[in-house]
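Okay, here's what each chain looks like letter by letter:
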Amino acid sequence: MSRPSDFPPPYAPSDYVAEPSDPEGEQIEVGILIVGAGPAGLACAIRLGQLLEEHPGVAERLGEVPVALVEKGKQPGSHLLSGAVVNPRSLRRLFRGRLRFEDIPSYGPVHGEAVYLLTKRAALRIPPPPPMRNHGNSIFSLSQLGRFLADRAEEGGTMILPETAAEKLLVSHGRVVGVRTGDKGRGREGEQLGNFEPGADLVASVTVLAEGTQGHLTGVALDRFGLAGEDPQVWELGVKEVWKVAKPLRHVVHTMGWPLRLGTKYREFGGSFVYPMGDDMLTIGMVVGLDYRDVELSVHDLLQELKTHPRIRKLLAGGERVAWGAKTIPSGGFHSLPSRLHAPGLLLCGDGAGMVNIARLKGVHYAIESGRLAAEAAFGALQPGATPATALASYDAAVRESFIWSDLYEVRNMRQVFGRGFLVGGALASAMTVSKGRIELGALQAEPDAEAPLLRSDQTSSYPAADGELTFDKLSSVFASGNKTRDDQPDHIRIQSRVPRDVAELWAHMCPAQVYEVGDDLGDGTVEVRTSPSNCVQCGAISAKGGRLTPPEGGSGPEYTLT
Ligand SMILES: Cc1cc2nc3c(=O)[nH]c(=O)nc-3n(C[C@H](O)[C@H](O)[C@H](O)COP(=O)(O)OP(=O)(O)OC[C@H]3O[C@@H](n4cnc5c(N)ncnc54)[C@H](O)[C@@H]3O)c2cc1C
Ligand code: SF4
């Protein structure tokens, strides 16, 4: 059988690097430019606001717009999706002396936890393995937290530009000088429609990329400046739902095992989470490593199957699904971090740089911490007499001295050990956490997700039919994401459109939003792949598994409010 990597997409990162092209007077000049209103980008904006308030002279020198932030979603929060059980340490530090952690809207602290090993009908409660202990953490909706943080950033003087996709990295004389935003109002073939608005050059002294998972310009920057890490990045796909429920859930639940298969040949690494959201809601999600091999694996449908388990069904009884969404999570960890987190004029933070502890399923506090540290380095670069290159290099040093680095080092082989199977991998993962990373496992090279050789089993036969109450099909899930992508805009997904049947079927099953369909047999061992790009919720899985997601027109995509 094939590997998706044998059919690379028609995509070159260099196509997204450009010199500024707007005439000088028409460029939009800002002091510091942030791409992405996730926890990383918003923490960066908030910290910059604090620093500029303390140093009004610097703010004045930066001109009319000292800090600008572009976000491709309809509004901050629209594209944010997470668990989100959050370690509070970075939020506390970000707002120290200004706002109490308890005053940030949340669903309160974690009150207890239960971990189950599932089989199709039974659930064996096991003691929580060390990485799954959540004492001291609090539960949020990341989308709601994003809106709260965006308000704080605006109060601090950041100009937020929603519905704006950063499409090209502006590089001049070897230095990043900003981004070019995408055009709006183009038709399917790229033609200008009546409401056409060209993109613009946003020019800045420092550009902070906080794009999150599968960051488009982050990938371009890694390529342009040779910043790739020791190991390739790998990803998990998370699909989640929010439910209104009749009976409150009081503790967080994690499950392992069914409906994933334990056999090493399948490489099905992952599990589920069920987190309470106050008295009348909960969130339930399924996360699976994208190095899986079965062409019929669908994380969307595995989540539907999970909900039919007696233990899980009980939690949802009498309830109603109120939201749905999907997103990838970088899971390569320490060895997949970029070799440097800065380039001339540029800083990288959060998930875009791969700052996730996958064993704990935690990234929000690393994103916030890295955003805060990026703000301090960017601010340092603007001080009179500062040498920008040295000031930006101080960001790398600060990250290396922070808990981001030591935490990720401790679990540095976490993702790779699961390649040895669930039971051996699980035991090694716990041993690594307990020993605080002192166990040496030798070099465990990660393989890019798209290089996993495919196999086929009859997995689809176990997926439950959608009943519209407990279980749903992909199109109704896309509807529940609030997706409003315009049908007639240019296709933003780059894939080969003639591929062997197994690759086409892999994409069709993998995509949680039903973007791909297997078309006609072309008679030469390939089939046509048909796409419905307007279904896309920009989860990023296709970029891990042989294609490439590029940002569609700003304002497209899901409109998450509770995820
Ligand atoms: C299913 C799931 C469960 C998780 N559970 C947890 C958990 O319980 N606890 C935890 O701590 N972490 C969890 N994580 C991880 C956590 O959500 C991430 O680590 C965190 O959101 C990363 O923050 P970020 O700011 O780097 O990126 P993001 O949160 O992804 O934000 C990036 C923002 O940038 C915008 N953007 C991207 N590219 C562009 C562009 N080119 N132009 C304009 N805007 C752009 C996006 O629209 C988005 O709003 C989970 C993740 C998933 C998917
Ligand atoms: S097409 Fe969109 S929703 Fe589907 S896998 Fe790709 S990025 Fe995710």
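Throughout, a residue's number is its position along its own chain's written sequence, starting from 1. Each chain takes a letter, starting from A, and each ligand takes a number, starting from 1, following the order in which they are written. Two thresholds apply to this predicted model, a pLDDT of at least 70 for residue-level local features and 80 or more for giving and counting side-chain atom pairs, whereas whole-chain, interface and lining totals are computed over all residues.

A. Spotlight on the overall build of the chain. Secondary structure counts use DSSP, requiring at least four H or I residues in a row for a helix and at least two E residues in a row for a strand, with both numbered from the N terminus. If you tally the helices and strands in the chain, you get 15 helices and 27 strands. In this treatment the radius of gyration is a C-alpha quantity, and the globule benchmark scales as 2.2 Å times the residue count to the 0.38 power. In terms of overall size, the chain behaves like a compact globule, its C-alpha atoms giving a radius of gyration of 23 Å where 563 residues would be expected to give roughly 24 Å. By principal-axis analysis of the C-alpha atoms, the chain measures approximately 65 × 60 × 50 Å. Considering the chain as a whole, with its 563 residues, one finds that 54% of them fall into the buried category. Residues are treated as contacting if the C-beta atoms built from their backbones sit within 7 Å of each other. In the chain, 78% of the contacts between residues at least 6 apart in sequence involve partners at least 24 apart. Burial is judged by counting the other C-beta atoms within 10 Å of a residue's own C-beta: 20 or more makes it buried, 12 or fewer makes it exposed, and any count in between marks it as partly exposed, with every C-beta position built from the backbone.

B. Broad picture of the site of ligand 1. Each residue receives a C-beta atom built from its backbone; the residue is near a molecule or strand if that atom lies within 6 Å of it. For ligand 1, the set of nearby residues contains 46 residues, the closest of which are G38, G83, G212, G350 and G363. For the shell around ligand 1, the secondary structure elements donating two or more residues are α1 (39-54), β5 (85-86), α5 (216-224), β16 (235-244), β19 (281-289), β20 (320-330) and α8 (364-381). Ten residue types, Ala, Val, Leu, Ile, Met, Phe, Trp, Tyr, Cys and Pro, are classed as nonpolar, four, Asp, Glu, Lys and Arg, as charged, and the remainder, Gly among them, as polar. Here the shell around ligand 1 is composed, by residue class, of 22 nonpolar, 17 polar and seven charged. Boundaries of every domain are those given by an automatic assignment or by a domain database. Taken domain by domain, the makeup of the shell around ligand 1 includes at least three residues from each of domain 1 (29-103 + 142-180 + 197-229 + 337-410) and domain 2 (113-139 + 233-333 + 451-549).

C. Region of the structure containing the site of ligand 2. Around ligand 2 sit 13 residues, and of these C511, V515, C536, C539 and I542 come closest. When the residues that make up the shell around ligand 2 are grouped by side-chain class, the tally is eleven nonpolar, two polar and no charged.

D. Looking closely at the domain arrangement of the chain. When the domains of the chain are assigned, the result is domain 1 (29-103 + 142-180 + 197-229 + 337-410) and domain 2 (113-139 + 233-333 + 451-549). Its C-alpha centre places domain 1 at a distance of 29 Å from the equivalent point of domain 2. The partner domain 2 presents 26 residues to the 18 residues of domain 1 that form the contact. For the side of domain 1 that touches domain 2, the residue count by class is nine nonpolar, seven polar and two charged.

E. A look at the sheet that holds strand β21 (residues 342-343). Any two strands between which DSSP finds at least two bridges are classified as paired. Pairing in this open sheet of six strands is mixed, and the strands run β9-β4-β3-β15-β22-β21 from one edge to the other. At either end of the open sheet lies a strand with only one pairing partner, and these are β9 (159-161) and β21. Where strand β4 (residues 67-70) meets β9, three bridges bridge the pair, whose relative direction is parallel. Residue pairing in the sheet places L69 in a bridge with I160 of β9.

F. How the structure looks around the sheet that holds strand β24 (residues 498-499). Read across the sheet, three strands follow the order β24-β26-β25 without closing on themselves; strand pairing throughout is antiparallel. With one partner strand each, in any of the chains shown, β24 and β25 (516-521) form the two edges of the open sheet. With four bridges connecting them, β25 and strand β26 (residues 527-531) associate as antiparallel partners. Note that in β26 the partner of Y516 across the bridge is T531. Running over the sheet, helix α14 (residues 501-510) touches β24, β25 and β26 and is turned about 155 degrees from β25. Note on method: axes are straight lines fitted to C-alpha atoms, helices fitted across the in-contact stretch only, with angles between N-to-C directions ranging 0 to 180 degrees.

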